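Summary of structural features
The chain contents come next:
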Amino acid sequence: MDLRVRALETVLTEKGYIDPAALDVLIDTYQTKIGPRNGARVVAKAWADPTFHDWLLKDATAAIASLGYTGRQGEHMVAVANTDDEHHMVVCTLCSCYPWPVLGLPPTWYKSAPYRSRAVKEPRGVLAEFGVELPASTRIRVWDSTAEVRYLVIPQRPDGTDGLSEEQLADLVTRDSMIGTGLARKPGAAP
Ligand SMILES: [Co+2]
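Keep in mind that what you see is a predicted model, and the values were worked out from it rather than measured.

Thoughts on the overall build of the protein chain
In terms of helices and strands, the protein chain carries 11 helices and four strands. In terms of overall size, the protein chain behaves like a compact globule, its C-alpha atoms giving a radius of gyration of 18 Å where 191 residues would be expected to give roughly 16 Å. By its C-alpha atoms, the protein chain is 60 × 35 × 35 Å across when sized along the principal axes. Residue burial in the protein chain is summarised as follows: out of 191 residues, 38% are buried. Contacts spanning at least 24 positions in sequence make up 67% of the contacts within the protein chain whose residues lie at least 6 apart. Roughly 10,700 Å² of accessible area belongs to the protein chain as shown, and the carbon and sulfur atoms make up 55% of that amount.

Some thoughts on the coordination of the cobalt ion
Ideal geometry at a metal centre: 109.5 degrees between donors when four sit tetrahedrally, and 90 or 180 degrees when six sit octahedrally. Distances from the cobalt ion to its protein donors, C92 (SG), C95 (SG) and C97 (SG), fall at 2.1 to 2.2 Å. Within one chain, the residues donating to the cobalt ion are spaced in sequence as C-x2-C-x1-C.

Description of the domain arrangement of the protein chain
In terms of domain boundaries, the protein chain breaks down into domain 1 (1–33) and domain 2 (35–179). The C-alpha centroid of domain 2 is placed 30 Å from the C-alpha centroid of domain 1.

What counts and how
- Residues numbered from 1 in each chain as written.
- Predicted model: local features only at pLDDT ≥ 70, side-chain atom pairs only at ≥ 80, totals over all residues.
- Heavy atoms only, no water.
- Helix = DSSP H or I, 4+ residues; strand = E, 2+ residues; numbered from the N terminus.
- Rg over C-alpha atoms; globule rule 2.2 N^0.38 Å.
- Buried < 20%, exposed > 50% of the residue type's maximum accessible area, 1.4 Å probe, protein only.
- Contact = heavy atoms within 4.5 Å.
- Areas by Shrake-Rupley, 256 points an atom, 1.4 Å probe, with all protein chains shown as cover.
- Donors = N, O, S within 2.8 Å, 3.2 Å for Na, K, Ca; no water.
- Domains from an automatic or database assignment.

Below, the structure written as structure tokens:
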């Protein structure tokens, strides 16, 4: 795969279709600037600010953009909030659609065939493998990402976080908790 990518890059550069310096900027952006830390800040603000929480549920694209997180694969965002009664989980059954501006690039398992098929067929079993055991009374809703719509899960705010700042709250928001395959960390729990 490495060789194939390098060969493609060489041919496209020689033909003048791409600029290697621009490619380097793109790669650096997704490796170092854009990642789940962005989404964690969105969630922390939603936990701390009920007005922002409502806005996020009504128009996630605009609410997220207000924090500066915009760009490719984040043009049409939908936020869904976990509650005691309902747990949301995101998959792309067709390929690997994923909200890049808030979560970065998707983890390998998200792109794997087993996750993509089993997330819809047996979500509770998949969650258990991620170490998430939900009460039988909690309904699980699985959202199928598409090229049109990308989802951000707002995990439940952990207990014992009343006095925390938004920055401290963001530290509790894991990538997986925003895909729905994890829960937010409790304060004091190991990262
Ligand atoms: Co897809």
